[in-house]
Amino acid sequence: MPSERNRRLLETLESSLEGVDTFLLVDYQGLDAKAEGTLRRLLKERGARFVVAKNTLIERALQDLNIPQPELKGPSALVFGADPSVTAKALKEFARGNEKGIPRLKGGVLSRKLLSLREAETLAELPSRDELRAELVGVLEAPLSQLLQVLSGVSQELVGILDAYVGQQSTN
């Protein structure tokens, strides 16, 4: 029979994961309280959350919410945010900034599909959604800009021809 404390923790974890279909799983063992607080602040600035829970509670919450379950071994924390690439970059940046290299990615779930360690690490190398949107706008804008220049050139030629014609008519 689960304890009342575990039931409350499970409810809290499930409410945190409600509507989440993407998260990263990290090993945070070795982070002291100060470093963990710094990591939480960094992730919060990037629109992400860092949730530590027992593996059994994580498994139960994921099962109850019908989210695929990555393999949970050792201390685990869930990290989720609006943009998984930004979240993965923040974790990688933080790990590079300390001599222990913690937190370590263990895998995750992206759009309700399991991610291997390598796939989770690849997320950190991808551009953010905003960067991808900016690239898309640039790609779409270039042909339109070129079309506008062509049309502008044609209209300037037409004005030149009409001006020459008017000049020719006034001399005749």
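A few points on the structure. Being a predicted model, the structure only gives us computed values, none of them experimental. (Residues numbered from 1 in each chain as written. Predicted model: local features only at pLDDT ≥ 70, side-chain atom pairs only at ≥ 80, totals over all residues. Heavy atoms only, no water.)

**Concerning the pattern of salt bridges**
Using the criterion set out here, one finds seven salt bridges in the structure. Ionic pairing is found between Glu93 and Arg46, a salt bridge with its closest N-O pair at 3.3 Å. Of this pair, Glu93 sits in helix α4 (residues 84-96) while Arg46 is found in the loop between α2 (33-45) and β2 (48-52), placing the two residues 47 residues apart along the sequence. Look at Glu93 and you get partly exposed, because its relative accessible area is 38%. Assessed through its relative accessible area of 31%, Arg46 is described here as partly exposed. A salt bridge links Lys73 to Glu71, with the nearest nitrogen and oxygen atoms 2.8 Å apart. Across the pair, exposure class does not vary: Lys73 and Glu71 are exposed alike. Within this structure, Arg118, Glu121 and Glu125 form a network of salt bridges that share partners. (Salt bridge = Lys/Arg side-chain N within 4 Å of Asp/Glu carboxyl O. Helix = DSSP H or I, 4+ residues; strand = E, 2+ residues; numbered from the N terminus. Buried < 20%, exposed > 50% of the residue type's maximum accessible area, 1.4 Å probe, protein only.)

**What about the pairing of strand β3 (residues 77-81)?**
Most of β3 sits out of view: four of its five residues are buried. As judged from the three bridges shared by strand β1 (residues 23-27) and β3, these two strands associate in the antiparallel manner. Counterpart to Val26 in the pairing with β3 is Ala77. Alignment of β2 against β3, held across five bridges, turns out to be antiparallel. (Pairing = 2+ DSSP bridges.)

**With respect to α2**
In a regular helix each residue adds 1.5 Å, so 13 residues correspond to 18 Å; α2 covers 18 Å between its end C-alpha atoms and thus fits that length. Residues Ala35, Glu36, Gly37, Leu39, Leu42 and Leu43 constitute the buried set of α2. Elements that come into contact with the buried residues of α2 comprise β2, β3 and α4. With a side-chain oxygen lying 3.2 Å from the backbone nitrogen of Lys34, the N-terminal cap of α2 falls on Asp32. Backbone geometry just downstream of α2 places Gly47 in the positive-phi region, at approximately 80 degrees. (Expected span 1.5 Å × (residues − 1). Contact = heavy atoms within 4.5 Å. Polar contact = N/O pair within 3.5 Å; in protein donor to acceptor, adjacent residues only side chain to side chain.)

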